[in-house]
Amino acid sequence: MTIRKSFMTVLALVFALASASLSAQETYTLRLAETWGPNSPILGETTRHMASMAEKMSGGRLQFRIDSSNKHKAPFGIFDMVKAGQYDMGHTASYYYKGSIPNAMYFTTVPFGMIAPEQYAWFYYSGGMELMEKVYRPHGLLSFPGGNTGNQMGGWFREEINSVEDLQGLKMRTPGFAGEVMSEVGVAVTNIPPGELYSALERGTIDALEWVGPALDFQMGFHQIAKYYYSGWQEPGAEVQFLINEKTWNKLPEELQEVLRVAMRTAAYDMYIQSMHESGVAWDRMKEDYPDVTHKTFPPEVIEALRDATEKLLAEEAEKDELAREIITSQQDYLKQVRQWTNISDKAYLNSVSGE
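The structure presented is a predicted model; accordingly, all values stated were derived computationally and were not measured. (Residues numbered from 1 in each chain as written. Predicted model: local features only at pLDDT ≥ 70, side-chain atom pairs only at ≥ 80, totals over all residues. Heavy atoms only, no water.)

S.K.: Account for helix 13 (residues 322-353), naming residues and giving values.
M.R.: The end-to-end C-alpha distance of helix 13 is 44 Å, a good match for the 46 Å that 32 residues give at a rise of 1.5 Å each. Bending of helix 13 peaks at approximately 40 degrees at the position of Thr342. Residues of helix 13 that are buried: Ala324, Ile327, Ile328, Ser330, Gln331, Tyr334, Leu335, Val338, Thr342 and Ser345. The elements touched by buried residues of helix 13 are helix 5 (116-125), helix 6 (128-136) and helix 12 (300-320). (Helix = DSSP H or I, 4+ residues; strand = E, 2+ residues; numbered from the N terminus. Expected span 1.5 Å × (residues − 1). Bend = angle between axes of the 7 residues up to and from the residue. Buried < 20%, exposed > 50% of the residue type's maximum accessible area, 1.4 Å probe, protein only. Contact = heavy atoms within 4.5 Å.)

Next comes the structure, spelled out in structure tokens:
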């Protein structure tokens, strides 16, 4: 090899190493749109917790610009904005987009379905993530679990519900598959952005609403208007989501993809345990400060009607769409298996030690 060739070889190597070093230090600013309003407790904290962790773990190479609904003005438009590349990421709930992507709704929750620990087990150990990828990848998107509220309450009602007849014509805000079930039993269902819920209930635009649970309901003030607070059936484990534009994801170096994946998973878990804590605190305070709020459970005949409607609608969805059938079957089969353990562990423990 001549001296010139040797020099050129070394020079090329130096340039390659310099380029690799520069690439290793490159920073990425990801724009994230969330359904929630500014300073939204728990839900909004989750996105900021994720961003903070990712920034620290990446040594500052990952940066985030988070826009709340007051900025982008489209709380239920996250799917479309991330798909179009207007934003790199989103934090929202998949069942808000059942009109555009019907099979997405099963990844938030299914009435009478899995509670949060069962759902997380299904996502990460029994094929849930792979099925979610089948739904989102054709749209150029990736979806990751983004936090769970735990078992949600059945809603705030102005009047007591004693029978199925009491639901006929009732105007109620409840989203996702539960909304379709409620429609099936005669409820006039509407979906209203979170920031408009209090005023809709106050003005009588709706007679009842379902939001989340004490952790988020108390600060919304619903208890000042509707006094009957029902336990749930519709969202036994409600998972929100991080959406990512696939082109954005593919631009990230592999190590930053892993940082982002870990940050999202950790923030999701933290949202779940924060929701548990804050609901306990809020319910204790609500009972103390607002003793006229009455906790209720739906009568057995109402639960039976809701369960029948759920099974009917799920069967119809499975019949008309092959991927829906695959998702529904996977969830039902897994629930049948894992619920046996839930029943002899958590449920049996609570039943055996309860003094009430």
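Further notes follow.
S.K.: Please give an account of the packing of helix 5 against helix 6 that cites residues and values.
M.R.: Orientation of helix 5 relative to helix 6, taken along the N-to-C sense of each, is 70 degrees, at an axis distance of 4 Å. The angle between the axes of helix 5 and helix 6 places the two elements in the roughly perpendicular class. In contact with Trp122, Phe123 and Tyr124 of helix 5, helix 6 contributes Gly128, Met129, Leu131 and Met132. When the residues that make up the contact of helix 5 with helix 6 are grouped by side-chain class, the tally is six nonpolar, one polar and no charged. (Axes fitted to C-alpha atoms, helices over the stretch in contact; angles between N-to-C directions. Parallel < 35°, antiparallel > 145°, perpendicular 65-115°, else oblique. Nonpolar A, V, L, I, M, F, W, Y, C, P; charged D, E, K, R; others polar.)

S.K.: Can you break down the pattern of salt bridges residue by residue, with the values?
M.R.: What the rule picks out here adds up to 17 salt bridges. Across the pair Asp88 and Arg31 runs a salt bridge whose closest N-O atoms are separated by 3.2 Å. One end of the pair, Asp88, is in the loop between helix 4 (78-83) and strand 3 (89-92); the other, Arg31, is in strand 1 (residues 28-34), with 57 residues separating them in the sequence. Residue Asp88 is classed as buried on the basis of its relative accessible area, which comes to 10%. Judged by its relative accessible area of 27%, Arg31 falls in the partly exposed class. Across the pair Asp67 and Lys71 runs a salt bridge whose closest N-O atoms are separated by 3.8 Å. (Salt bridge = Lys/Arg side-chain N within 4 Å of Asp/Glu carboxyl O.)

S.K.: Help me get a handle on the sheet that holds strand 7 (residues 188-190), residues and values and all.
M.R.: Judged by pairing direction, the sheet is mixed, and its six strands sit side by side in the order 7-6-8-5-9-11 without closing on themselves. Looking at the sheet topology across the chains shown, the edges are occupied by strand 7 and strand 11 (294-296). In the sheet, strand 5 (residues 155-157) pairs with strand 8 (residues 208-209) via two bridges, with the strands oriented antiparallel. Bridging from a neighbouring strand, Phe157 pairs with Ala208 of strand 8. (Pairing = 2+ DSSP bridges.)

S.K.: Lay out the packing of aromatic side chains in plain terms, naming residues and giving numbers.
M.R.: Counted under the stated rule, the structure contains 17 aromatic pairs. Residues Phe157 and Phe298 carry aromatic rings whose centres are separated by 5.8 Å and whose planes lie at 85 degrees to one another, so their mutual orientation is edge-to-face. Linking Phe157 in strand 5 with Phe298 in the loop between strand 11 and helix 12, this pair joins segments that are 141 residues apart in sequence. Each of the two residues, Phe157 as well as Phe298, counts as buried. Among the aromatic residues, ring-to-ring pairing joins Phe76, Phe79, Tyr95, Tyr96 and Tyr97 into one connected group. (Phe/Tyr/Trp six-rings, centres within 6.5 Å; stacked < 30°, edge-to-face > 60°.)

S.K.: Could you give me a rundown of the pairing of strand 10 (residues 239-245), with the residues and numbers involved?
M.R.: Most of strand 10 sits out of view: seven of its seven residues are buried. Along strand 10, one buried face is formed by Glu239, Gln241, Leu243 and Asn245 and the opposite face, lined by Val240, Phe242 and Ile244, is buried too. In this sheet, strand 10 lies alongside strand 3 in antiparallel orientation, the contact comprising four bridges. Looking at strand 10, one finds that Met89 is bridged to Ile244. Pairing between strand 4 (residues 141-148) and strand 10: seven bridges, direction antiparallel. Residue Ser143 lies in a different strand from strand 10, and its bridge partner there is Leu243.

S.K.: Any chance you could break down the layout of surface pockets for me, citing the residues and the numbers?
M.R.: Size it by volume and the second largest pocket reaches roughly 250 Å³. Contributing to the lining of the second largest pocket are 16 residues, with Trp36, Gly37, Pro194, Gly195 and Met220 lying nearest its centre. Partitioning the lining of the second largest pocket into residue classes produces nine nonpolar, six polar and one charged. (1 Å grid on protein atoms, 1.4 Å probe; cavity = no way out; pocket = protein on both sides within 12 Å on 5 of 7 lines; lining within 4 Å. Points joined across faces, edges and corners; volume = space filled by probe spheres on them.)

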